[in-house]
Amino acid sequence: MSRNLGRSGLVLVLPFLALLFCGTASAQVDPTGLPIIGTWKINIAKSGPGVRNRAATWTAVYSIENGGIRQTMYDVYPAPYAGLPTAGVAPKDHTFFYKLDGKQDYKDPEGPNGEEQTISTWLVSRNMIYRQRQTKGMDDERVLYIVSDDGKTLMWYVWNATPNPKAPPNPNPGPSMVWDRVN
């Protein structure tokens with residue numbers, strides 16, 4: 001097994017172990033001061049091949065709202081309009097809200113697309129958030145958001161919750177998306 005593949009496997013297994021053994025993982029966590037809060041621009045050169053068709057202006061903004069996190073995605077940032085993209089649907093500008101409480105209550109992580117999607121999120125460590133998405137009540141996507149120790153890089157590890165056993169192994173075991181801090 002290659003060193004990178006082993007490291008990627010470890011990155012994916014550790015959050016699950018932390019959730020299993022940490023009794024406070026399902027308690028509501030105040031996101032104030034978390035290093036993910038801020039504005040992040042995609043780094044296409046460091047991201048996986050699935051991001052290569054995105055604009056270099058693709059931006060993620062994480063802000064604190066009502067004891068949780070508002071995550072807003074922009075194709076172009078700053079946006080050419082005022083306010084949040086409340087009606088947008090991924091992959092275009094969209095926004096959604098969640099708390100770090102493990103509850104599968106937070107709707108429309110891809111915008112109001114009519115797919116009955118919800119997410120639950122947990123704070124695994126100060127620099128790591130685990131997100132699980134369901135579509136019509138079935139787990140279908142998992143994401144780890146990991147901020148580097150220096151706070152300058154955000155990595156998303158995205159994988160299918162119900163992988164196809166006949167599919168070939170992922171040739172890119174690294175992060176799916178890499179983001180650079182803007183502020």
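Provided above is the structure to which this section pertains.
1. Quick word on the pairing of strand 10 (residues 177-181)
Consideration 1: In terms of strand pairing, strand 1 (residues 38-42) meets strand 10 through three bridges, oriented antiparallel. Along strand 10, the bridge assignment pairs Lys41 with Asp180.
Consideration 2: One ladder, built from four bridges, connects strand 9 (residues 153-160) with strand 10; its direction is antiparallel. The residue of strand 10 that forms the bridge with Trp156 is Met177.

2. Observations concerning the pattern of salt bridges
Consideration 1: Using the criterion set out here, one finds eight salt bridges in the structure.
Consideration 2: Of the charged contacts, one joins Arg131 and Glu141 as a salt bridge, the two residues approaching to 2.5 Å between their closest N and O atoms. Taken together, the residues Arg131 in strand 7 (residues 128-135) and Glu141 in strand 8 (residues 138-147) connect sequence positions 10 residues apart.
Consideration 3: Classification of Arg131 by relative accessible area gives buried; the value is 5%.
Consideration 4: The exposure class assigned to Glu141 is buried, which follows from its relative accessible area of 15%.
Consideration 5: Arg133 is the partner of Asp140 in a salt bridge, and the nearest nitrogen-oxygen pair spans 3.1 Å.

3. Some thoughts on empty space enclosed by the protein
Consideration 1: Taken as a whole, this structure holds one cavity of 30 Å³ or more when the rule is applied.
Consideration 2: The computed volume of the largest cavity comes to approximately 40 Å³.
Consideration 3: Leu34, Pro35, Ile36, Arg126, Asn127, Met128, Ile129, Tyr145 and Val147 together form the lining of the largest cavity.

Conventions used here
- One numbering rule holds for all chains: residues counted from 1, following each sequence as written.
- Since the coordinates come from a predicted model, pLDDT governs what is reported: local features require at least 70, and pairs of side-chain atoms require 80 or more to be given and counted, while whole-chain, interface and lining totals use all residues.
- Based on all heavy atoms of the structure, the side-chain values leave hydrogens and waters out of the count.
- Criterion used throughout: strands pair if DSSP finds at least two bridges between them.
- For helices the rule is a DSSP run of H or I covering at least 4 residues; for strands it is a run of E covering at least 2, with both sets numbered from the N terminus onward.
- Salt bridges are defined as contacts in which a side-chain nitrogen from Lys or Arg sits within 4 Å of a carboxyl oxygen from Asp or Glu.
- For the exposure calls, accessible area comes from a 1.4 Å probe over protein chains only, and a residue counts as buried if that area is under 20% of its type's maximum, exposed if over 50%, partly exposed in between.
- Buried and open spaces are told apart on a 1 Å grid over the protein atoms alone, a cavity being a set of points where a 1.4 Å probe fits but cannot get out and a pocket being an open set with protein on both sides within 12 Å along at least five of seven lines. Residues with an atom within 4 Å of a point are the lining residues.
- Grid points are joined across faces, edges and corners, and a volume is the space filled by probe spheres set on the points.

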